[in-house]
Structures are given as structure tokens and as C-alpha cells.
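Structural characterization, general
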Amino acid sequence: MLQVEDLQVKIDDKEILKHINLTINPGETHILFGPNGSGKTSLLMTLMGYPQYRITGGRILFKGEDITNMPVNERAQLGIGISYQRPPTINGVKTRQMVEICAAGKIDAAALAKRVNFSDFLDRDINAGFSGGEIKRSELLQLTAQDADLFLFDEPESGVDLENISLIGGTIRQLLQRDFKVNTRKSRKELHNERTKMGLIITHTGFILDYLTADKGQVLYNGVLTCASNPREIFQCISEVGYGECVKCAI
Amino acid sequence: MRDLDEKALKAKDKKAALGQDIDLGMFDSSPVSHNYVKELAVLPTVDKERMLHAGVDTGEKERSGTYVQKDSTVIHAHSKQEGLEIMPIKAALKKYDWVQDYYWKLASVDTDKYTARARLDLHDGYVIRALAGSRVIYPVQACLYLEKEGFSQNVHNLIIAEEGSELHIITGCTTAPHLKSGLHVGISEFFVKKNAKLSFTMIHHWAEEIMVRPRSVGVVEEGGLFLNNYISMTPVKSVQMYPTTYLAGKGAVARFYSLLVGSPGAEIDVGGRIFLKEPGTRAEIISRAITNGANITARGDLVGEVPGVKAHLECRGLILNGGTIHAIPELHGKAEDVEMSHEAAVGKIAQEEILYLMSRGLSEDEATATIVRGFLNVDIPGLPAQLKAEIDRAVEQSDKDMM
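Just so it is clear, the structure is predicted and the values come from calculations on it, not from any experiment. (Residues numbered from 1 in each chain as written. Chains lettered and ligands numbered in written order. Predicted model: local features only at pLDDT ≥ 70, side-chain atom pairs only at ≥ 80, totals over all residues.)

1. Thoughts on the overall build of chain B
Looking only at helices and strands, one finds seven helices and 21 strands in chain B. For the C-alpha atoms alone, the extent of chain B along its principal axes is close to 65 × 55 × 40 Å. For chain B, buried positions account for 57% of its 403 residues. Sequence-distant contacts in chain B: of pairs separated by 6 or more residues, those separated by 24 or more amount to 83%. (Helix = DSSP H or I, 4+ residues; strand = E, 2+ residues; numbered from the N terminus. Buried ≥ 20, exposed ≤ 12 C-beta atoms within 10 Å, placed from the backbone. Contact = placed C-beta atoms within 7 Å.)

As C-alpha cells, this is what we get:
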């Protein structure tokens, strides 16, 4: 379980997240909506532990442990994984190495890469000259290898062509144990009840909702979580009236 | 011959254009004799270990021949393959007239006091030649070893890849473990003939007070390829070199790679200069420099003299733990229709990259080491697996030392 309690975050002296309260129970996936600059990515980076996001109040609990001041790598080891929107290029570090680092010796990189149609990229420098879709596939490959318990996705569908979006949607669905096709011996209800993976997905376009179900939608507006509701309903509302509606709740 | 000696005499006190001036009088260069060893296996273990650090395997596994010089004396030279000649240059000069066609033909004796010294007070050096059409599959290894304290080792090497041949050489320069100070002066002249392929990988594994002044010049004929790698990742006092290569035949190619790690107090001034003199020639200079408290100057100069040439220069520097890096990439386009470019970057490791790796589970130190190793992990096309392995080993070793 992820519990965020009254979280306040600053970058330099600017307040970017204000009194955030959020709970993601085991097995739950939440969708995070919000206009540009509302603090969505900041929330993900804070959960991951990026030091430039300075926590000035509140706390973060994960699996019952207070991780508010825990370094990034320890959070990763505890089971938090993130798919970045624009990850950095690291010259000379191969994609294969990244997958191996994520897997910590557990999984075979080559076999895994085949699943996300990414074998050709294993011997390329990580993110060097990757297209939008290639970055996403590489990120998902790493997350699959890491096998985290809480997955943070920063706009997984942005910059992805139509051909790859279903591949990406399907991979995320599997990561979050929302793929009912994989195991035929158990009932869907059983599968649902056994689900433990947690997800927090930032989306602008809502396309991702065509590929997986989500339990809750959250709207972040100007650093404030303004509403939590059915994700499809939120998406429909934003589509029809825009984020203007959120202003009312943010005050 | 006389002329050369006279020219050398005139230049015996001539300061080099680059690098700190060295007082040659500080070093003794009177010959030191060592016994010739027929079997490398009899060398003391300490020597073997030091040689191995510089890529010279006394077990000769996957090597096609070996040359070892200790101080001023050649202690081993033999070729294991037909079509490959390995011999001490002094003996070769006496025995074969053709050696004169190469000796001091590219390098000038009066370049500076170091070339002059190699002319006037030559200890020895190697001649390595692949005969026309011969393909030397495994690398030839050569070791220049300093054992005597305060010694000045003056060597002259000739490397000749005859028409259509393929030759790979690894030269390891190192010292006995106890050695503190010394000077290494090395002249190397490279001849890559028509359609020949030569790769030359030099690993320096010196000691904290060693001064190094290599002087090399190469020429590549039509369709030839010259791959020149330089690796220096361990402590040294001062290195200055600026090897020059002339691409003198159509379609000739030269590629220079250097991997430098400078430890505290070291002065390293290393670069490469390539003249593209014929249409269709191509050149590439790639350097990676890391300083841990050294002053590193990374130079590169590409001179496009005729239309239809292509050249690229890439200089990247990482300031890890103090010190300075001065990147000097130069391009000279002397004709229309030349395609020449360079990129240079100097900085510290990006925090963003460290955090990216940390979010995949690595500690900060592990992340830094991974990035550093990646920085030094340059793909060198055309290099045999054995030499790639030696470079990887040097990188791995320096990695351990740095962290």
C-alpha cells in the first residue's frame, strides 16, 4: 500500500505540491489527470525520491515503511518503479545493461526484450537517438525486468504511434496484473482478488484507458489533488468542459 | 646519415612545441644490459604481472609474436607466424638495407630534443613488418619496460604493413613495480601500404614519476586503414604526444581513439593530427578523458586538403574529482567540398544520469561507476576481440582504482 499524507513539496522556494493525500491499495491502479504544469510529474518524482523535490511537510508510507527520506535506490529496491517520459541518454551504457541492472540477475534480458519487440535495441546506448515510442518500450522493458510492486508511469502513451500503443497498453496491463487472458485456469474474480500490483499513471490523452481498467482517477490542479472519482467520468468531464471545472474545486 | 646526425645535434636542446620542458640531464641513459630470454615463461612473476597490466601476455595466448625490451636491451623478439617479421631495430639496420627506406623517413630528427636524443643515443626499438598479402590473425605484442631507476629509455620503432596485409599490434609500456622516476622517449614510424590494414593499440601503464614523450608519424596509402588506439589510465607524471598521420592515397582511412584517465598531479597533453591529402580519404579522432585531479589537454586536428574528404572529431571530458580538461578540437578545411565536423563536451557526471540508474536499484557509487565505465566504453570497429578484451580489462582496472 502507498499512503501519502499531507505531502508538501517545494522546488527551490516554489511550492509545487500542496497538502497531497493519496492512498493506493494493493491491486489498485489510479489515473492522474491534470493540465500542464500542475505538478503531476513532480508528484511521481517525489514518490521516487528525487532530491530536488524537497519535502517540507507530510510523509510517504510504502508497505508500511516511512520512505519520506529514503534514497532513490532504496525505494527502487523496496518495489517502486518508474517509467520516465524523457529519460536521459547515458553514453556507452547499453540497453541490455540497464535491463540487467533492473532485473538484478533474476531475468534474462534477451527473452524479455523479445516480448516488447525490442531485441534490436539491446546493444544500443540507452536512449541515444530513441524515438518517442522506442523510449517507452525501453522504459517498459526495464520496468518488466524490475518487477516492482508500485509502478509510476509518466505519460506512457505520449509520442507513441498507433501501431505501438496497443503493445504499450498491453504491457502495462500485464505489469499491473490486469490482463485476464494470461491464465485460463483461474476465474477472473480470483485473478482480481489476487492482484497486488499498484499503478499510478499520468495521462493527457486518456488513450491508455482504452487498454486497461483503472480503479480511480485523480485530478491534480495547481499542486492540489482536487478530485478522486471514476477515471472515465473524469476524463469525459475534462474532454467536455476542460480543466476549468477543476478550478472550482482547487480553491 | 651524417646529415641527420648533424641536424639532431643542432636540435639537442630544442624545446618541444608542447608540454612542459624536461631536463634530459636528470636522466641517465647509459646502456643497461639484461640477459636475453628465449622462453618468456622464465621472466620473474612481478615482471609478468606488470606486463599483463599493459596488455602483454607472457603466456602468448592468442599472440602471433612478442618483442620485449627492458631499459636499453632487447630481451626477447620472435615471430610465431610466417609473413611476420619482428626484430630489434639496431640489428635490422645492420642486416637489411631496406630498413633505411623507413628509418627517419617520416619523423624529423630535429623536431625537438626528444627526437634528437633518439637519433643520437638510440637504445633500440622494434621493427614489425607484415609481408605483402599476409594476414596476421592474432595480435603482435611488444613491451617497453623500464626497470632502472632514473633511466631514460630511447627507442625507435618501425611498423610496416606491406600491400594487402593485415596486422594488429599491441604495445604495452610499463615499469618495474619499485620504479619511481624515469623517462621514455619513443619514436614510431608507421607505414600502411596499399590496401593494408594496421591496428596499433598502445597501453601505457607507467608510474607516478615517469615522463613520457612519444613522437609518431604515419602514412597510409591508397585503400589502407590505420587504426590507432591509445590507452592511459594509470598514474604518470607527464605525457605529451601529438601523433601525425598522412592519408596519402585515395580512400585511405585513419581512426584515432584515446582513452585517458588522469590521476592527481599528472600532466597529460595528448592528441592526434590527420592530414587528408587525397579524395575519398576519411579520418576520425575520438577521445575520452577523465580527470581525477590531473591537467589534461585533449587535442585533435583534422586537415582536409582536397575536395571529397570526410572527417570527424569528438572530444569528451569528464571532471570527476578535481583537475582540469582543456579540449582543443581543430578543423582545417583547405578545399571546397570537404565534410568535416567536431563535437566537444567537458563537464561532470550529470545528476540526472545518476538518479536514473539509482531508480533502477543501483547505489550512488555503483551508478557513478556504471556511467564512468560507459563513458570509456567506445566501440572501436575493426579491432580484434583479443585487443578489445585488453582495453576492457584496462577500463575495468582503472574503474576499481578510481572508485
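From this point, the narrative continues.
2. A few points about the domain arrangement of chain B
Residue and element names in this part refer to chain B. Partitioning chain B into domains gives domain 1 (2–347) and domain 2 (349–403). Distance from the C-alpha centre of domain 1 to the C-alpha centre of domain 2: 25 Å. Between domain 1 and domain 2, the contact holds 22 residues from the first and 16 residues from the second. Contributions of two or more residues to the side of domain 1 that touches domain 2 are made by strand 7 (166–175), strand 9 (197–205), strand 11 (225–232), strand 14 (253–262) and strand 17 (282–291). (Domains from an automatic or database assignment.)

3. Considering the confidence of the model for chain A
The predicted model of chain A averages 89 in pLDDT, with 97% of residues at 70 or higher. Across chain A, the element-wise mean pLDDT spans from 69 in helix 9 (residues 244–250) of chain A up to 97 in strand 6 (residues 80–83) of chain A. (pLDDT = per-residue confidence, 0-100.)

4. What to know about helix 3 (residues 95–103) of chain A
When we look at burial in helix 3 of chain A, the residues that qualify are A:Thr95, A:Gln97, A:Met98, A:Val99, A:Ile101 and A:Cys102. Looking at the residues trailing helix 3 of chain A, positive phi occurs at A:Ala104, about 45 degrees.

5. Here's the deal with the sheet that holds strand 5 (residues 140–146) of chain B
Residue and element names in this part refer to chain B. Taken in spatial order, the 10 strands make up an open sheet running 2-1-5-7-9-11-14-17-19-21, and their pairing is mixed. Of all the strands in the sheet, the pair left with one neighbour each is strand 2 (73–79) and strand 21 (338–347). Direction aside, neighbouring strands of the sheet carry axes that sit 5 degrees apart on average. The pairing of strand 14 with strand 17 spans 10 bridges and is parallel. When the sheet's bridge partners are listed, Gly262 is paired in strand 17 with Thr291. Strand contacts of helix 2 (residues 45–53): strand 5, strand 7 and strand 9, with the helix running at about 125 degrees to strand 7, the strand carrying the most contacts. Strands strand 14, strand 17 and strand 19 (309–319) of the sheet are contacted by helix 6 (residues 364–376), whose axis makes an angle of about 155 degrees with strand 17. (Pairing = 2+ DSSP bridges. Axes fitted to C-alpha atoms, helices over the stretch in contact; angles between N-to-C directions.)

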